[in-house]
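A look at the structure
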Amino acid sequence: MIRRESVERTGRRVIVGALIPVLVVLAVRTWLVEPVTVSSDSMAPTIPSGAVVFLYKPAEAAGLIRNGVVVAFASPVDGRTAIKRVIAGEGQRVAIRDSELFVDDVAVVEPFIDHSRIDGTYFGPETVPAGRVFVLGDNRGVSIDSRDFGAVPLTAIQGTVLAGQKIVGQEKMCPGLRR
């Protein structure tokens, strides 16, 4: 009888010991960090299609959603996860003139953009509404972004892209953009 109780206790310990790490991983993935595979070329070459990036989910609460940061959100076009760069926040004015980005009438230096591939691109000017951010893909020639579906509500943002590989332009804020 004593032996059976000892075996049962050991069995429970093994089950609990195996269950705790699984629950920790699920909790981290649900509320903190989640891997996402990029499915389009809209951020290339910064983040190529097929790359795995990590989303930091409590980004809005931590104040990390700001100009220059790459974010993920549910696309208004098809509901799938989209990854784009925040270009401007509420109240800021966005324009693109012959492929050059202007925020509040100040030219933004974008070392991660190949301007020769998007020559002749024009947009705006447009002011970002309250509670929203204006997002653009780094590969502007193929990106479907705020130029198409408007500014993204902050509530739609799923997280900021941490990394999965070195992401060009993520490590520094874009000069000319307000933090």
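In case you missed it, the structure is sitting above this.
About the criteria used
Residues numbered from 1 in each chain as written. Predicted model: local features only at pLDDT ≥ 70, side-chain atom pairs only at ≥ 80, totals over all residues. Heavy atoms only, no water. Salt bridge = Lys/Arg side-chain N within 4 Å of Asp/Glu carboxyl O. Helix = DSSP H or I, 4+ residues; strand = E, 2+ residues; numbered from the N terminus. Buried < 20%, exposed > 50% of the residue type's maximum accessible area, 1.4 Å probe, protein only. Contact = heavy atoms within 4.5 Å. Pairing = 2+ DSSP bridges. 1 Å grid on protein atoms, 1.4 Å probe; cavity = no way out; pocket = protein on both sides within 12 Å on 5 of 7 lines; lining within 4 Å. Points joined across faces, edges and corners; volume = space filled by probe spheres on them. Nonpolar A, V, L, I, M, F, W, Y, C, P; charged D, E, K, R; others polar.

Thoughts on the pattern of salt bridges
Here the structure, examined in full by the defined rule, presents 6 salt bridges. Taking the shortest distance from any N to any O, the salt bridge between Arg85 and Asp138 comes out at 2.7 Å. In this pair, Arg85 sits in strand S4 (residues 81–88) while Asp138 sits in the loop between strand S9 (132–136) and helix H2 (146–149), placing the two residues 53 residues apart along the sequence.

So, the side chain of Ser75
Structurally, the position occupied by Ser75 is in the loop between strand S3 (70–74) and S4. Looking at Ser75, the relative accessible area reads 11%, which means it is buried. Dropping the residues within four chain positions of it, Ser75 is found in contact with Arg80 and Ala82.

Comments concerning the sheet that holds strand S11 (residues 157–161)
Pairing is antiparallel across the open sheet formed by 7 strands, whose spatial order is S1-S2-S11-S3-S4-S9-S10. This sheet does not close on itself; its edge strands, each paired only once, are strand S1 (33–37) and strand S10 (152–153). The pairing of S9 with S10 spans 2 bridges and is antiparallel. What sits directly across from Val133, in S10, is Val152.

A look at the layout of surface pockets
Taken as a whole, the largest pocket spans an internal volume of roughly 360 Å³. Lining of the largest pocket is provided by 20 residues; of these, Ser40, Ser42, Thr81, Ala82 and Lys84 occupy positions nearest its centre. Taken together, the elements giving at least two residues each to the lining of the largest pocket come down to S1 and S4. When the residues that make up the lining of the largest pocket are grouped by side-chain class, the tally is 9 nonpolar, 7 polar and 4 charged.

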